Amino acid sequence: MVLSNLNRERVFGMEIVSKNKCFGGIQGVYKHYSTVCQCNMTFALFLPPSAKDTSVPVLWYLSGLTCTHENAMVKAGAQQKAAQLGIALVFPDTSPRGKDIPDHEDYDLGQGAGFYVDASEDPWKQNFQMKSYIVQELQDIVMTNFSVDENAQGITGHSMGGHGALTLAFLYPEKYRSVSAFSPIVNPSKSEWGQKQFKAYFGDNPECTDQHDATKLLAQNNYPGDILIDQGTKDQFLDLLRPREFISVMNNTGQKGTFNMREGYDHSYFFVASFIDDHIEHHFQKLLS
């Protein structure tokens, strides 16, 4: 059931960092110890007003490089539409964090750049287990403690988070019944946003690399539902995102879905906020069917 007393400092082993009434629902931020990542992790969760009375569908939003749980929670403008439709939103962090957690001087590796993979190489493997964290541990925490429907889950994300949303949906279609993405890194094995990180996290393991490349995964097996992707034509990172390769595979495999090239939009959260309602509606309709 929905948390009945959000004024407590802790609930079900989690620390309540903040709570705010939002469009009739509750936007909360929670901290907990992760046994998977072996450190404290923070996530945000929006519960719509209807969660007071029934379990609701849930949409996971994975954020991009350098982001925390807070970026999309504050900037995407997703809560109003989610409240209207009665869908919960989960905003996880993008990596383990802390003074004892490995990091790198480059912004696109280490803290803030977990790429939603399970690292197998030192020094990353002890903490950087973001795939297992999202798919298993945080999943269990959310399903156990909040009024959400484990049989009605969708996943979306932006940039690195779009990469994570697509790859996790393709790997676990029985779990994520709907998928979408904003400006996703769709071919990381051929991009500087992927090659460097996969080398660090996996070493020389092409099997792991292929398992986290949406273009390669889609070429092997179609996703059973419709894919929705929005990409700005003025995105300053188009060469790193490689949308043409993914569109080609969609066309060649007959994958159901829509890949919108939005004229004049860039990579920012102004772009995400412009089309977030479309994505929430997409997920809601798929999760109801």
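Here, the structure is the one placed above.
Residues numbered from 1 in each chain as written. Predicted model: local features only at pLDDT ≥ 70, side-chain atom pairs only at ≥ 80, totals over all residues. Heavy atoms only, no water.

Points about the overall build of the protein
From N to C terminus, the protein includes ten helices and ten strands. In terms of overall dimensions, the protein is globule-like: its C-alpha atoms have a radius of gyration of 18 Å, near the 19 Å expected for 289 residues. If you line up the protein on its principal axes, its C-alpha atoms span 50 × 40 × 35 Å. Residue pairs in contact within the protein that sit at least 24 positions apart in sequence constitute 72% of those at least 6 positions apart. For the protein, the accessible surface area stands at approximately 12,000 Å², while carbon and sulfur atoms represent 45% of it. The protein carries 24 positive and 33 negative side-chain charges, and their two centres are separated by 4 Å. (Helix = DSSP H or I, 4+ residues; strand = E, 2+ residues; numbered from the N terminus. Rg over C-alpha atoms; globule rule 2.2 N^0.38 Å. Contact = heavy atoms within 4.5 Å. Areas by Shrake-Rupley, 256 points an atom, 1.4 Å probe, with all protein chains shown as cover. Lys, Arg positive; Asp, Glu negative; His and termini not counted. Charge placed at Lys NZ, Arg CZ, Asp CG, Glu CD.)

Things to note about the packing of aromatic side chains
With the rule as written, the count across this model stands at 16 aromatic pairs. Ring centres 6.5 Å apart and planes at 0° place the aromatic pair Phe170 and Phe246 in the stacked group. Note that Phe170 is positioned in helix α4 (residues 160–171) and Phe246 in helix α9 (residues 243–253), a separation of 76 residues in sequence. We note that Phe170, like Phe246, is buried. Measuring from centroid to centroid gives 6.3 Å for Phe246 and Phe259, while their planes differ by 50°, and the two rings are tilted. Here the residue Phe246 occupies a position in helix α9, and Phe259 occupies one in strand β10 (residues 257–262), the gap between them amounting to 13 residues. The buried category is assigned to Phe246, whose relative accessible area is 0%. Taken together, Phe170, Tyr223, Phe246 and Phe259 form an aromatic cluster joined through their ring pairs. (Phe/Tyr/Trp six-rings, centres within 6.5 Å; stacked < 30°, edge-to-face > 60°. Buried < 20%, exposed > 50% of the residue type's maximum accessible area, 1.4 Å probe, protein only.)

Some thoughts on the pattern of salt bridges
The full count for this structure, using the stated rule, is twelve salt bridges. With a shortest N-O distance of 3.6 Å, Lys81 and Glu281 are connected by a salt bridge. Of this pair, Lys81 sits in helix α2 (residues 79–85) while Glu281 sits in helix α10 (residues 269–288), placing them 200 residues apart in sequence. Asp210 is the salt-bridge partner of Lys216, the closest N and O atoms lying 2.9 Å from each other. For Asp210, a relative accessible area of 25% gives the class partly exposed. (Salt bridge = Lys/Arg side-chain N within 4 Å of Asp/Glu carboxyl O.)

Observations concerning the side chain of Asp213
Here Asp213 is to be found in the loop between α6 (206–210) and α7 (214–220). Of the side chains with opposite charge, Lys216 comes closest to the buried, unpaired Asp213, at an N-O distance of 5.1 Å. Within polar-contact distance, the side chain of Asp213 engages the side chain of Ser189 at 2.6 Å. Separated by 3.1 Å, the side chain of Asp213 and the backbone nitrogen of Lys216 make a polar contact. Look past the residues within four positions of Asp213 in its chain and what remains in contact with it is Thr167, Val186, Asn187, Pro188 and Ser189. (Polar contact = N/O pair within 3.5 Å; in protein donor to acceptor, adjacent residues only side chain to side chain.)

A word on unusual backbone geometry
Geometrically, the link from Asp122 to Pro123 is a cis peptide bond, its omega value of 0° lying close to zero. As for its position among the elements, Pro123 is in the loop between β6 (88–92) and α3 (130–145). Its identity is not glycine, yet Gln38 carries a phi of approximately 55°, on the positive side. Here Gln38 is to be found in the loop between β3 (25–34) and β4 (39–47). For Gln38, a relative accessible area of 39% corresponds to the partly exposed category. Within the chain, Ser183 stands out as a residue other than glycine whose phi angle is a positive 45°. For Ser183, the location among the structural elements is in the loop between β8 (178–182) and α5 (192–202).

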